[in-house]
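What follows is the residue order along each chain.
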Amino acid sequence: MSVRVRFAPSPTGNVHIGNIRAAIFNWLFARHEGGAFLLRVEDTDRERSTPEAIQTLLSCMAWLGLDYDEPEVYQSRNTARHLAVAEDLLARGLAYREAKGGGGECVIFRMPTEGRLEFADLVKGVIRKKAEDTQDFVIVRSDGTPVFHLANVVDDVDMAITHVIRGDDHVENTFKHIELFKAMGAPIPHYAHLPMIVNNQGKPYSKRDGAAFVGEFREQGYLPDALFNFLLLLGWATGDDREVLTREEMIRLFTLDRCKSSAARFDIKKLIWMNGEYIRRQPREVYAAEFVSRLNAAGLSADGVDLDGIMDQMQVRTKFYSEIPASCAYFFTDAYAFDPKGVEKRLKADGVPELLEDAAERYAALDVFDLQTTHDVLAAMGEARGTGLGAMVHPVRVAVSGLTEGPGLFEMLALLGRDRVCARLRAVARALRDGLPL
RNA sequence: GCCCCCUUCGUCUAUCGGCUAGGACAUCAGGUUCUCAUCCUGGAAAGAGGGGUUCGACUCCCCUAGGGGGUGCCA
């Protein structure tokens, strides 16, 4: 019998990383086994399950490349079926009605009272419990609506789910669910409970701990493949020290018995590293497309510049695409912004205007304006002043780029070209003398 | 309270009885007297505690401690 798994989130408008990780594991398992990955939208909370919330969910899945194999199932459409099953359980004496307080009657499912309940979890191993430690539970509320346990199991039966892979906050529910499967005369699926993602205090990771929703990572400029890879490594490892994997490798290597059963802390530093790693590994044309699109969005044009030379410098330095316009705007416009701290530290010193003008004059006289010649000029100036090369480099860097970080200065100067460099050096020197804002 | 689960460097993890306990992130030092980044080299850094089984235990068993989850009308 072929594998069928499902991701069954309740759409709330945000998709939590712990939740999407469960989707990732389900998806990889299905792809590895050649089975089906299904999506069931548990939209029974009509307050929160708005069309927009469902759209957000679908969009997050598409962004991460989590494609599913059959049309999505909407749980709210199955309510009649859930209630029919409850009626059947009632008729067969497997459930009973009870009234509490002034409200109507709810339906309660009978749990076994003796013996031992157990199941073999594919991640956690055998989990057992004495029947006397379980309790009957409500399957239909007194307002007539089905409870999660009932709806979840009935839908799993109807969708012929073979493996339930979910967060380990559901471990205890599994005893209830298994009894429900038995009561319906349906085959019991295999279970795999994934450890939770926790914060520095070991508590479930929430929005209070930083970005917790897929949409936030997307907005902050993370690549979907980087987030996917990072989340996979929270609770799973290849066993051979490889960490950065292609989607194909993940599918080939993924098995549930390599999943860990203890909670994992969310470490944003490693995600940031992973994101940079993915950007660096991108083929140049992919990087270029994103690079140009970010520039254009910021109103900058890449016409008439050595774009490839600039990208040679920028690709290894890009941690997030979102920082692209700000980190290299000076290559594309003379109206670049100055970092106030850099100005304070490198330009607001005695003799800087003279230094910049001197450099501009010497550079203007160069026939060949390249790595070597631009370097030699500043080296000679540093020596003449007895201050060394560093004292020349920093003011020039801030003057021509507005920033204190970036490509090597001489690479930067060569890319900008002699005329732009000289003009900028003179303009900054003038502004400094006249006390004008930069 | 009761029930279930978890416990290797700061963090993510490898190890399925032989370990000088490996890798990655982060961190420190050097290569690099122009920054940042990349890349390379090297360093520091771990088996919660106590029993037991065994020639041998991080690995198996028990206890304790700590953490997490669940505990009849949330999902």
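Residues numbered from 1 in each chain as written. Chains lettered and ligands numbered in written order. Predicted model: local features only at pLDDT ≥ 70, side-chain atom pairs only at ≥ 80, totals over all residues.

Q: How should the overall build of chain A be read in this particular structure?
A: Scanning chain A from terminus to terminus reveals 18 helices and 12 strands. With respect to the principal axes defined by its C-alpha atoms, chain A has extents near 100 × 50 × 40 Å. When each of the 438 residues of chain A is scored for burial, the buried share is 31%. Excluding contacts between residues fewer than 6 apart, the proportion of contacts in chain A whose partners are at least 24 apart in sequence is 74%. (Helix = DSSP H or I, 4+ residues; strand = E, 2+ residues; numbered from the N terminus. Buried ≥ 20, exposed ≤ 12 C-beta atoms within 10 Å, placed from the backbone. Contact = placed C-beta atoms within 7 Å.)

Q: I tried to follow the sheet that holds strand β8 (residues 137–140) on my own but got confused; where do I start?
A: Paired through their backbone hydrogen bonds, the strands of a sheet run either parallel or antiparallel. Pairing is antiparallel across the open sheet formed by three strands, whose spatial order is β4-β5-β8. Since the sheet does not close on itself, it has two edges, and those belong to β4 (95–99) and β8, each with one partner. Each neighbouring strand pair of the sheet contributes to a mean axis angle of 45°, computed without reference to strand direction. (Pairing = 2+ DSSP bridges. Axes fitted to C-alpha atoms, helices over the stretch in contact; angles between N-to-C directions.)

Q: Looking at this model, I keep getting lost on the sheet that holds strand β1 (residues 4–7). Mind explaining?
A: Taking strand neighbours across the sheet as the criterion, the three strands line up as β1-β2-β3 in an open arrangement whose pairing is parallel. The open sheet has two free edges, formed respectively by β1 and β3 (73–74), since each of these has just one partner strand. In terms of strand pairing, β1 meets strand β2 (residues 36–41) through four bridges, oriented parallel. Looking at β2, one finds that Val5 is bridged to Phe37. Contacts from helix α1 (residues 17–33) reach β1 and β2, with the element oriented near 160° to β1.

Q: Help me understand the packing of helix α15 (residues 371–385) against helix α16 (residues 390–401), please; the structure alone is not making it clear to me.
A: Running from N to C, α15 and α16 cross one another at 125°; their axes reach a closest spacing of 8 Å. In terms of orientation, α15 lies oblique with respect to α16. Of the residues in α16, those touching α15 at Leu378, Met381 and Gly382 are Ala391, Met392, Val393 and Val396. Considering only residue class, the contact of α15 with α16 consists of six nonpolar, one polar and no charged. (Parallel < 35°, antiparallel > 145°, perpendicular 65-115°, else oblique. Nonpolar A, V, L, I, M, F, W, Y, C, P; charged D, E, K, R; others polar.)

Q: Could you clarify how one ought to interpret the environment of Leu231 in this entry?
A: Checked against the element boundaries, Leu231 lands in helix α7 (residues 224–232). As for Leu231 and Tyr74, which are separated by 157 residues in sequence, their C-alpha atoms are 27 Å apart.

Q: Before we go on, may I ask you to explain the protein's contact with RNA strand B in this structure?
A: Looking at RNA strand B, there are 63 residues lining it, with Lys100, Val138, Arg141, Ala237 and Ser262 nearest. Elements that contribute at least two residues to the surface near RNA strand B include exactly β5 (105–109), β7 (125–130), β8, α5 (171–183), β12 (264–265), α9 (268–281), α16 and α17 (409–416). Of the residues in the surface near RNA strand B, the class split is 22 nonpolar, 19 polar and 22 charged. (Near = placed C-beta within 6 Å.)

Q: Teacher, can you tell me more about the environment of Met61 here?
A: The topology assignment puts Met61 in helix α2 (residues 51–63). We classify Met61 as buried; it has 21 C-beta atoms within 10 Å. Once you skip the residues sitting within four places of it in the chain, Met61 turns out to touch Ala23 and Leu66.

Q: Hey, could you run me through the domain arrangement of chain A in this one?
A: Interfaces are often sized by the accessible area lost when the parts come together. When the domains of chain A are assigned, the result is domain 1 (4–70 + 196–271), domain 2 (75–194), domain 3 (282–331) and domain 4 (340–434). Using only C-alpha atoms to locate each centre, domain 1 and domain 4 end up separated by 49 Å. (Domains from an automatic or database assignment.)

Q: Is there a simple way to explain helix α14 (residues 352–364) in this structure?
A: Helical geometry note: an α-helix holds 3.6 residues per turn, so side chains three or four residues apart project in the same direction. If you check α14, its first and last C-alpha atoms are 18 Å apart, about what 13 residues at 1.5 Å a residue would give, namely 18 Å. All of the buried residues along α14 are Val352, Pro353, Leu355, Leu356, Ala359, Ala360 and Tyr363. Around the axis of α14, the buried residues are gathered within 160° of arc, so they sit on the same side. Among the structural elements, α13 (340–347), α15, α16 and α18 (418–434) are those in contact with the buried residues of α14. (Expected span 1.5 Å × (residues − 1). Arc of directions from axis to C-beta.)

Q: Can you help me understand the packing of α13 against α16 in this one?
A: Helix packing for two helices is described by the angle between their axes and how far apart those axes are. Remark: α13 packs on α16, axes separated minimally by 9 Å, with the N-to-C direction vectors making an angle of 145°. Classified by chirality, the crossing of α16 by α13 is left-handed. From α13, Gly342, Val343, Arg346 and Leu347 reach across to α16, where they touch His394, Pro395, Val398 and Ala399. (Left-handed = near helix turned anticlockwise from the far one by under 90°.)

Q: For this particular structure, what's the right way to read α18?
A: Here α18 contains 17 residues, and its C-alpha end-to-end distance of 24 Å stays within 8% of the 24 Å for a straight helix at 1.5 Å per residue. Contact partners of the buried residues in α18: α13, α14, α16 and α17. Immediately downstream of α18, the backbone of Gly435 shows phi near 65°, a positive value.

Q: In this structure, what is going on with unusual backbone geometry? I would like to understand it.
A: The phi torsion of most residues other than glycine is negative, and most of the peptide bonds are trans. Its identity is not glycine, yet Ala160 carries a phi of approximately 55°, on the positive side. Among the structural elements, Ala160 can be located in the loop between α4 (148–158) and β9 (163–167). With 14 C-beta atoms counted inside 10 Å, the residue Ala160 sits in the partly exposed group. A positive phi angle, near 75°, is found at Asp241, a position not held by glycine. For Asp241, the position within the fold is in the loop between α7 and α8 (247–253).

Q: In this structure, what is going on with the pairing of β9? I would like to understand it.
A: Of the pairings in the sheet, the one linking β9 to strand β10 (residues 190–194) comprises five bridges and is parallel in character. For Arg166, the partnering residue across the bridge sits in β10 and is His193. Traced from β9 through α5 to β10, the parallel crossover comes out right-handed. (Right-handed = clockwise from strand over helix to strand, strands pointing away.)

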